[in-house]
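# Fold and contact review
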Amino acid sequence: MTNQFTRGSRRAEVLQPGRPLLSSRIQLGEGTTFLPGKKDPSVAPLIDHVLQHGYVILPSLFSASLTSRALTELDHLSSLPPSSSGPASQGGRNPFEGLKTRRIYALADKTRVFDEFAINETVLKLNDYFLQEHYLLTALHSVVIEGGEEEQSMHTDDGLILLPRPRPLMGVGTMVALDPFTSTNGATTLIPGSHLWPDTRIPQRSEMIQAIMPAGSMLYFLNTVWHSGGANVSGEPRRSLTVQYCQPWIRPIENMIVAVGWEDLDAVPERLRELLGFSLNGFMGFVDGVNPRRGVEMRRRRLIEWALEREKEKEGLEEKQKKESKL
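Residues numbered from 1 in each chain as written. Predicted model: local features only at pLDDT ≥ 70, side-chain atom pairs only at ≥ 80, totals over all residues. Heavy atoms only, no water.

### A look at the nonpolar core
- Phe117 and Phe130 are the most contacted members of the largest nonpolar core, which has 49 residues in total.
- With residues near it in sequence (within four places) discarded, Phe117 still touches Phe62, Leu66, Ala70, Val176, Leu178, Met218, Leu241, Val243 and Tyr245.
- One finds Val260, Leu265, Val268 and Leu276 within the second-largest nonpolar core, a separate group that totals 6 residues. (Core = buried A, V, L, I, M, F, W, Y, C linked by side-chain atoms within 4.5 Å. Buried < 20%, exposed > 50% of the residue type's maximum accessible area, 1.4 Å probe, protein only. Contact = heavy atoms within 4.5 Å.)

### Examining the confidence of the model for the protein chain
- Confidence in the prediction for the protein chain averages 89 pLDDT; 93% of positions are at 70 or higher.
- Note that residues 1-12 has pLDDT below 50 and, in this model, 7 contacts with residues that lie over four places away or in other chains. (pLDDT = per-residue confidence, 0-100.)

### Considering the domain arrangement of the protein chain
- For the protein chain, the assigned domains read domain 1 (23-276) and domain 2 (286-321).
- Using C-alpha coordinates to define each centre, domain 1 is positioned 30 Å away from domain 2.
- At the junction of the two partners, domain 1 supplies 14 residues and domain 2 supplies 9 residues.
- A buried area of about 1,000 Å², summed over both sides, lies between domain 1 and domain 2, and 52% of it is on carbon and sulfur atoms.
- Linking domain 1 to domain 2 there are 3 salt bridges.
- As a salt-bridge pair, Asp109 and Arg299 come within 2.8 Å of each other at their nearest N and O atoms.
- Connecting domain 1 to domain 2 are 5 residue pairs in polar contact (both at pLDDT 80 or more).
- Class assignment for the residues of the side of domain 1 that touches domain 2 results in 5 nonpolar, 2 polar and 7 charged. (Domains from an automatic or database assignment. Buried area = accessible area lost by both parts, 1.4 Å probe. Salt bridge = Lys/Arg side-chain N within 4 Å of Asp/Glu carboxyl O. Polar contact = N/O pair within 3.5 Å; in protein donor to acceptor, adjacent residues only side chain to side chain. Nonpolar A, V, L, I, M, F, W, Y, C, P; charged D, E, K, R; others polar.)

### Structural notes on the pairing of strand S5 (residues 136-145)
- When you tally the buried positions in S5, you get 7 out of 10 residues, the bulk of the element.
- The sheet contact formed by strand S4 (residues 101-104) and S5 spans 4 bridges and is antiparallel. Its bridge partner lying in S5, Ile104 is registered against Ser142.
- Note: S5 against strand S12 (residues 238-246), 9 bridges, orientation antiparallel. Directly across from Ile145, in S12, lies its bridge partner Arg238. (Helix = DSSP H or I, 4+ residues; strand = E, 2+ residues; numbered from the N terminus. Pairing = 2+ DSSP bridges.)

### Topic: the sheet that holds strand S10 (residues 218-222)
- Across the sheet, which stays open at both edges, the 6 strands sit in the order S3-S10-S7-S12-S5-S4 with antiparallel pairing between neighbours. The sheet terminates laterally at strand S3 (55-58) and S4, the two strands that pair on one side only. Each adjacent strand pair in this sheet contributes to an overall mean axis angle of 20°, direction not counted.
- Of the strand pairs in this sheet, strand S7 (residues 171-177) and S10 are connected by 5 bridges, and their pairing is antiparallel. Paired with Thr174 across the strands is Tyr220, a residue of S10.
- On top of the sheet, helix H6 (residues 121-130) reaches S3, S7, S10 and S12; it is set at about 5° to S10, its chief contact. (Axes fitted to C-alpha atoms, helices over the stretch in contact; angles between N-to-C directions.)

### Observations concerning the side chain of Thr156
- By the secondary structure assignment, Thr156 is in the loop between S5 and strand S6 (167-168).
- Residue class for Thr156 comes out buried when judged on its relative accessible area of 9%.
- Engagement of the side chain of Thr156 in a polar contact is seen with the side chain of Asp158, the distance being 2.8 Å.
- The contact partners of Thr156, leaving out residues within four places of it in the chain, are Arg165, Arg167, Asn223, Thr224, Val225, Trp226 and His227.

### Quick look at a negative patch on the surface
- On the surface, Glu311, Glu315, Glu318 and Glu319 cluster together into a patch of negative charge.
- Tracing the sequence through the fold places Glu311 in helix H9 (residues 292-326).
- Taking the relative accessible area as the measure of exposure, Glu311 reaches 40% and is therefore partly exposed. (Patch = residues over 30% accessible without salt bridge, like charges linked within 9 Å, V, L, I, M, F, W, Y side chains within 5 Å. Areas by Shrake-Rupley, 256 points an atom, 1.4 Å probe, with all protein chains shown as cover. Lys, Arg positive; Asp, Glu negative; His and termini not counted. Charge placed at Lys NZ, Arg CZ, Asp CG, Glu CD.)

### Regarding a nonpolar patch on the surface
- A contiguous nonpolar surface patch, about 480 Å² in accessible area, is contributed by Phe96, Leu160, Leu280, Phe283, Met284 and Phe286.
- The residue Phe96 is located in the loop between helix H3 (82-85) and S4 in this model.

### Concerning H9
- Compared with the 51 Å implied by 1.5 Å per residue over 35 residues, the 51 Å span of H9 between its first and last C-alpha is a close match.
- Taken together, the buried positions of H9 are occupied by Pro292, Arg293, Gly295, Val296 and Met298.
- Among the structural elements, helix H8 (270-276) are those in contact with the buried residues of H9.
- Capping the start of H9, Asn291 holds a side-chain oxygen 2.8 Å from the backbone nitrogen of Arg293, two or three residues further along. (Expected span 1.5 Å × (residues − 1).)

### Quick word on the packing of helix H1 (residues 44-53) against H6
- Packing of H1 against H6 brings their axes to within 10 Å, and their N-to-C directions diverge by 55°. Taken together, H1 and H6 sit at an angle that is classed as oblique. Pair H1 / H6 crosses with right-handed handedness. Taken together, the residues of H6 that come into contact with H1 (itself represented by Leu46, Ile47, Val50 and Leu51) are Thr122, Leu126, Tyr129 and Phe130. (Parallel < 35°, antiparallel > 145°, perpendicular 65-115°, else oblique. Left-handed = near helix turned anticlockwise from the far one by under 90°.)

Given below as structure tokens:
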């Protein structure tokens, strides 16, 4: 008697719908493996550059008007108190974040101005090849390196994922230059070809190059590439965005953060809250730059403020209608 697990003629029954064949996996040197997706001809040369070097610079990808609107919005958000702009908006809180680097996290929650940076057609076509279908946005925040900032420590963006190389590609990162990236203002540095390296290859600062590019450009790179923020000796801030994407399977089966009600989280045992996702792995899993448990309280306050504002608007409208009815 056969069943769905029987080998041979019935083997097709155990294949998951839409699951790519593992035999199509590509291995890049001794560092990175991935399942390739659609290779759109319009970005084929860019893909080939990434395969060889681990990164590609997309010059002047965004219009001057969009870049200008983004800078204006960043100025506005930076002028708000940290309770609204986020705890890292006035300066970093550790050397990795950058003690002289300001960051505004959760931009997708704060404004619609930055949406176009995350859904640019060229970028999504690159993602369609390097990431699997239904990939996710995993970071969208600003990075403003002030004058006097030191070089960031060298790292890969998958460094907290303790799998040996060659390891599966977990995601891709980008840096968007809102100001020109120059040799003196903290341009991102990276090591070309480091996505090919095994674990035993230790990066050296002397191997790094600067991603010098005009405003409106983007640096696109695999998250197995060694890189860092550069030192800013220019005396002027270097304003930028980072937009990062991850594989669709880097998430729990049930979305616990949404599934569990926030109205009485303290009734949930602390250890269970951590398992549900109200916890951090290093810096992974934060909400607006803070622990997700604190993030919930921030959201609660904002919802209360929003409800009070709506109530005032409603009362004002009712009062206006009463006055008009008396005329």
